[in-house]
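One letter stands for each residue in the lines below.
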Amino acid sequence: MLDARPAPNWPGMELINCIELPILIIDRDLTVTSFNTAAARLLSLSDGDHGKRLHSIQKPAGTLQIEELCEHVIATGSSHRMEVADGKGSRFSVDVGCHKADQNINGAVLTFTNVTAFRESIERAIEEREFTKVVLNTIGDGLVIVDSDLKIQAANQAFYSLFQTSRQESQGTHLYHLGSGDWNIPRLQALLGDNSSIEENSRSLECDLEFSGVGRRTLSLNARQLMRGTHTSQTTLITIQDITERKRAIEALSESEEELRILHRVGSTLASELDLKKLVQAITDAGRELSQAEFGAFFYNDIDQAGEKYLLYTLSGVPETAFSHFPMPRNTAVFGPTFRGEGTVRVADIFRDPRYGKNPPHHGIPAGHLPVRSYLAVPVISRSGEVIGGLFFGHSQVGVFTERAERLIEGIAKQAAIAMDNASLFDAMRNQRARAEESEEHLRLAQQVGTIGTFEWNVQTNVNRWTPTLEAIYGLRPGEFEGTLEAWQELLHPEDRDATIRQVEIAIQIDTPVQAEFRIIWPDGSVHWILGRWQAFRDQMGQPVRMTGVNIDITSRKEAEQVQNRLAAIVESSDDAIVGKDLRGIVTTWNPAAERMFGYSAKEMIGRSITAVIPPELHDDERKILETIGRGERIERQETVRVTRNGERLDVSLTISPVRDEAGRVIGAASIARDITQEKKTERALRMTERLASVGRMAATVAHEINNPLEAVTNLVYLAKSSAIREDVQKYLNSIDEELERIAHLTRQTLGFYRESKAPSVVRIGPMLDSLVSFFGARARKRGIEILSEIRRDPEIYAVAGEIRQVITNLVSNSIDAVGSQGLIRIRIDATRLHSNGSSAVRITVADSGPGIPFSLRSKLFEPFFTTKTDVGTGLGLWVCTNIVNRHHGSIRVKSNTTPGKSWTVFCVVLPSGLESANTPLKP
């Protein structure tokens, strides 16, 4: 047994004093036999404490049972460890082992290891992990990490929502087994199959996939190998961005532009062309383009005595020889409704229509006829109600013609009727010109304005004679017009009546024609637009005796103008920069979004080269873009860089479409630029977050895997030194001790690298709230959730901005998860007073319309690892928030109501503000 009171120069003292860990040695009677300098500092020991009983020595709090533990170790020869706190913020790991000599247990060795830094790193790692999870789960794009076997290692909430799965179901599942199997596509296999071929560790693709519950979506996928240190791991991060709505918006805009171009072309033809053949051909061509039919035709309703004779007048999309070998259509169950004017016939698959194949001798489409599966037919009916004929369109595939196409063709049919009426009337008036000199004036006016109907008003007798065509323009039957000026005035739209009558009065006072556009109301209540032109004629005394004039129905033109105005409004109000340019790259149009994005006004850019906003190193790319557009090709979602007026570089996504003239020649390009700078920043932030998380995991691993065996090795060196006699062995052991100190130093450096210094400063929550609402916007809109923020008063507080942001982020994220869909979240910032001392404070309130929190669960909300989320919850979010709020001397409370139809939950955070908060240090 060791001497109970060894002399201070006991040989073992030099050895244990070289060890930084506090070491205390006791004999079998629990009497202190020796201790090193580190133990003396920790336990406030002096030489006079040698020989004292262990229970009389001052020890860290929590070691009350140490005597019993030492007795157990000495009796059984085992080793034990316990962790205690000293009551001053430090934590120690106490290892109790046997002290043996010649295989006899002479006592016990107590080693005290300060594990405060280790525990703090663990807590910091948990906090950072929770913050990272909150950030990743609030991102609207799907994120998933797969290993070298393409098995899922981790994913965010957006990914689980997209694939209608959960973390438990997908963890370890092969990526290709997700969804309905459509996910296993060759392009994705090529993207992920050979990581060594990934250029700069990253590649991307765009694909269309069908998902259960959400339907067919267009996704932009990016794959990037994850880097750890200087080596490329076998894990890959895949980002999945749902660009369905963006693609649809671009396609809709392009489709609207094309439709407007076609309608403009048809309108121009109607306004300038009176040749019936050319007019109908233009309408047939336009109808085929608008409906996306493979071919179209117009048939005159020229019925013979048998009631089955129809005349092919125009054909579009195929040569006339395609119909030359086939008889004209007859009054069959399919064709009859169109020629009788009963309405539009639109069939997705004519073979499945019950009217098909009912008539001999062919019982359907004759052999050799153009293949038709999709069928669309619209009657062309004149203003008088006569069925002039029909527009017929076909396609070899099923389901081609949409409701939109049907509405457009019906509008084209109305234009066709107007064009034919105009042309017929023009021919009739031209033939009458030789019979009546007075009719020459009518014809001259008709040629100037595209006459549809004429009138003559006797100023002295107030007799107003109208042609039947003019009566039809006003929705009246032949002879129904009462024939007076007052009767005409009653047909005018009340809002246009006074101005139009004033133009008639002006025409009586002057000798030149007067023109006006005005609205009329038909007997059925519908509103139509009229272009009127009239002129008064005088007798030899200079008194007005009569007024003649013409009216044209310009309703279709007005509707086309409205479509054009709506398109212009879309362009003007778009958040994307929409720019028009010619094939030389000279800007022709520049919308307000382009002004905001690039800093140049439309006046500055129109007529200037587009290279003004293109970096010099990308000018050659613009040349290639113009060459591609010149070939009539479209450029889809090209990501590149543009430069603003002040030199700032923007990441943009470009979609460029060719612009054609009426002859179909490419004359320029329409470019849609979307600023994706913030998206790029978010992507870089995600990569940085992953790197920080990796560093955190590395630091925790180093602390766990190195510190623990380091302690054991240190103990072994200590024991070896106490037993070594030879000088060379002592020298070697001293060298080992020095190397162990180096390892400990490296470990501390690694842990110090991971710790983040967060110094408090004076901040306001208002600006922070604006960015958070924007951050959660996409996630909320996807679920139909409305987020309303209100800043009543925003006093300054002394706080760590990142921690306060983390609290608000966690509360808003929890509210979004609780609401689910079609709900409301309100966030309010206001000044208040602390209940404790009445000093100024700021109140942060987050309220949602979710189902509420049961009373039995509210007391557990702020406990660690308690959660009601089955898929992504860890139960640490509110616990971390509570620690942050307490550290800032604040408070957090929750109220909730679970009544169905009236449920809600409100979280309220109160933090000190003003000078008081700046003078109060944060809690450790």
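To keep things clear, this report deals only with the structure shown in the data block.

## Things to note about the overall build of the protein chain
For step 1, the next point in the chain: Within the protein chain, the secondary structure is distributed over 27 helices and 32 strands.
For step 2, the next point in the chain: Looking at the protein chain as a whole, 46% of its 924 residues qualify as buried.
For step 3, the next point in the chain: For the protein chain, long-range pairs separated by at least 24 residues make up 55% of all intrachain contacts whose partners lie at least 6 apart in sequence.
For step 4, the next point in the chain: In the structure as shown, the protein chain presents an accessible area of about 47,100 Å², 51% of it carried by carbon and sulfur atoms.

## What to know about the packing of aromatic side chains
For step 1, the next point in the chain: Applying the stated criterion across every chain yields a total of seven aromatic pairs.
For step 2, the next point in the chain: When the ring of W466 is compared with that of F481, the centres are 3.6 Å apart and the planes differ by 5°; the resulting orientation is stacked. Of this pair, W466 sits in strand 17 (residues 463-466) while F481 is found in the loop between helix 14 (468-473) and helix 15 (485-491), placing the two residues 15 residues apart along the sequence.
For step 3, the next point in the chain: Between W488 and F518, the aromatic rings sit 6.2 Å apart at their centres with planes inclined by 85°, giving edge-to-face as the arrangement. In this pair, W488 is assigned in helix 15 and F518 in strand 18 (residues 514-521), connecting sequence segments 30 residues apart. Each member of the pair, W488 together with F518, is buried.
For step 4, the next point in the chain: Against the face of F537 rests R546, its NZ or CZ located 4.4 Å from the ring centre.

## Digging into the sheet that holds strand 25 (residues 666-675)
In a beta sheet, neighbouring strands are held together by backbone hydrogen bonds and run either parallel or antiparallel to one another.
For step 1, the next point in the chain: If you trace the five strands from one edge of the open sheet to the other, you get 22-21-25-24-23, paired in antiparallel fashion. Every other strand in the sheet has two partners, leaving strand 22 (587-590) and strand 23 (635-643) as the edge strands with one partner each. Here the strands of the sheet are splayed against their neighbours by 30° on average, with no regard to which way each runs.
For step 2, the next point in the chain: Strand direction decides the pairing type here: strand 24 (residues 649-660) and strand 25, joined by nine bridges, are antiparallel. If you follow S657 over to strand 25, its bridge partner there is A670.
For step 3, the next point in the chain: Each of strand 21 (577-582), strand 23, strand 24 and strand 25 is contacted by helix 20 (residues 619-630), which is oriented at about 150° to strand 23, the strand it contacts most.

## A short note on the pairing of strand 22
Walk down a regular strand and you will see the side chains alternate between the two sheet faces.
For step 1, the next point in the chain: As defined by bridge partners, strand 21 adjoins strand 22 across three bridges and the pair is classed as antiparallel. Looking at the pairing, K581 lines up with V587 of strand 22.
For step 2, the next point in the chain: Here strand 21 folds back onto strand 22, and the loop between the two strands holds four residues, one of which, G585, carries a positive phi near 85°.

## What to know about the pattern of salt bridges
For step 1, the next point in the chain: Evaluation of the coordinates by the stated rule reveals 30 salt bridges.
For step 2, the next point in the chain: In this structure, R91 and E83 form a salt bridge, with 3.0 Å as the shortest nitrogen-oxygen distance.
For step 3, the next point in the chain: Classification of E83 as partly exposed rests on a relative accessible area of 31%.
For step 4, the next point in the chain: In this structure, E796 and R764 form a salt bridge, with 3.6 Å as the shortest nitrogen-oxygen distance. Residue E796 is found in the loop between strand 27 (786-791) and strand 28 (797-799), and its partner R764 is found in the loop between strand 26 (761-763) and helix 23 (765-783); the two are separated by 32 residues along the sequence.
For step 5, the next point in the chain: Several salt bridges share partner residues, and in doing so they unite D620, R623, K624 and E627 into one network.

## Here we look at the environment of V800
For step 1, the next point in the chain: Here V800 is to be found in the loop between strand 28 and helix 24 (801-819).
For step 2, the next point in the chain: Under the relative-accessibility criterion, V800 is labelled buried at 5%.
For step 3, the next point in the chain: Considering only alpha carbons, one finds V800 and V763, 37 residues apart in sequence, at a separation of 8.2 Å.

## Description of the pairing of strand 21
For step 1, the next point in the chain: Most of strand 21 sits out of view: six of its six residues are buried.
For step 2, the next point in the chain: Where strand 21 meets strand 25, six bridges bridge the pair, whose relative direction is antiparallel. Bridge pairing in strand 25 places V579 opposite S671.

## So, helix 9 (residues 276-291)
For step 1, the next point in the chain: Between its terminal C-alpha atoms helix 9 stretches 22 Å, which fits the 22 Å expected from 16 residues at 1.5 Å a residue.
For step 2, the next point in the chain: Within helix 9, burial applies to L279, V280, A282, I283, T284, A286, G287, L290 and S291.
For step 3, the next point in the chain: Taken from the residues just after helix 9, Q292 is the one with a positive phi, measuring 60°.

## Concerning unusual backbone geometry
For step 1, the next point in the chain: Of note in this structure, N462 is not a glycine but carries a positive phi near 65°.
For step 2, the next point in the chain: Of note, N462 is situated in the loop between strand 16 (453-458) and strand 17.
For step 3, the next point in the chain: In this structure N462 comes out as partly exposed when scored by relative accessible area, which is 22%.

## Structural notes on the environment of A297
For step 1, the next point in the chain: Along the chain, A297 falls in strand 11 (residues 295-300).
For step 2, the next point in the chain: Between the C-alpha atom of A297 and that of V280, which follows or precedes it by 17 residues, the distance is 9.7 Å.

## Here we look at the packing of helix 24 against helix 26 (residues 877-887)
For step 1, the next point in the chain: Running from N to C, helix 24 and helix 26 cross one another at 145°; their axes reach a closest spacing of 9 Å. Helix 24 and helix 26 meet at a crossing whose hand is left-handed. Contacts from E803, Q806, V807, N810, L811 and N814 of helix 24 reach helix 26 at G877, L878, V880, C881, I884, V885 and R887.
For step 2, the next point in the chain: Of the residues contributing to the contact of helix 24 with helix 26, the split by class is seven nonpolar, four polar and two charged.

## Considerations on the nonpolar core
For step 1, the next point in the chain: Formed by 36 residues in total, the largest nonpolar core has its most connected members in I765, I797, I804, I808, I825, V909 and L911.
For step 2, the next point in the chain: Among the secondary structure elements, those contributing two or more residues to this core are helix 23, strand 28, helix 24, strand 29 (824-833), strand 30 (840-848), helix 26, strand 31 (891-897) and strand 32 (904-912).
For step 3, the next point in the chain: The biggest single contributor to this core is helix 24, with seven residues.
For step 4, the next point in the chain: Residues contacting I825, with those up to four places away along its chain left out, are I785, E786, I787, L788, V812, S815, I816, V819, V846, A847 and D848.
For step 5, the next point in the chain: Judged by nonpolar contacts, the second largest core, of 30 residues, contains W457, I501, V504 and A507.

How each quantity is defined
- Residues numbered from 1 in each chain as written.
- Predicted model: local features only at pLDDT ≥ 70, side-chain atom pairs only at ≥ 80, totals over all residues.
- Heavy atoms only, no water.
- Helix = DSSP H or I, 4+ residues; strand = E, 2+ residues; numbered from the N terminus.
- Buried < 20%, exposed > 50% of the residue type's maximum accessible area, 1.4 Å probe, protein only.
- Contact = heavy atoms within 4.5 Å.
- Areas by Shrake-Rupley, 256 points an atom, 1.4 Å probe, with all protein chains shown as cover.
- Phe/Tyr/Trp six-rings, centres within 6.5 Å; stacked < 30°, edge-to-face > 60°.
- Lys NZ or Arg CZ within 6 Å of the ring centre and 35° of its normal.
- Pairing = 2+ DSSP bridges.
- Axes fitted to C-alpha atoms, helices over the stretch in contact; angles between N-to-C directions.
- Salt bridge = Lys/Arg side-chain N within 4 Å of Asp/Glu carboxyl O.
- Expected span 1.5 Å × (residues − 1).
- Left-handed = near helix turned anticlockwise from the far one by under 90°.
- Nonpolar A, V, L, I, M, F, W, Y, C, P; charged D, E, K, R; others polar.
- Core = buried A, V, L, I, M, F, W, Y, C linked by side-chain atoms within 4.5 Å.

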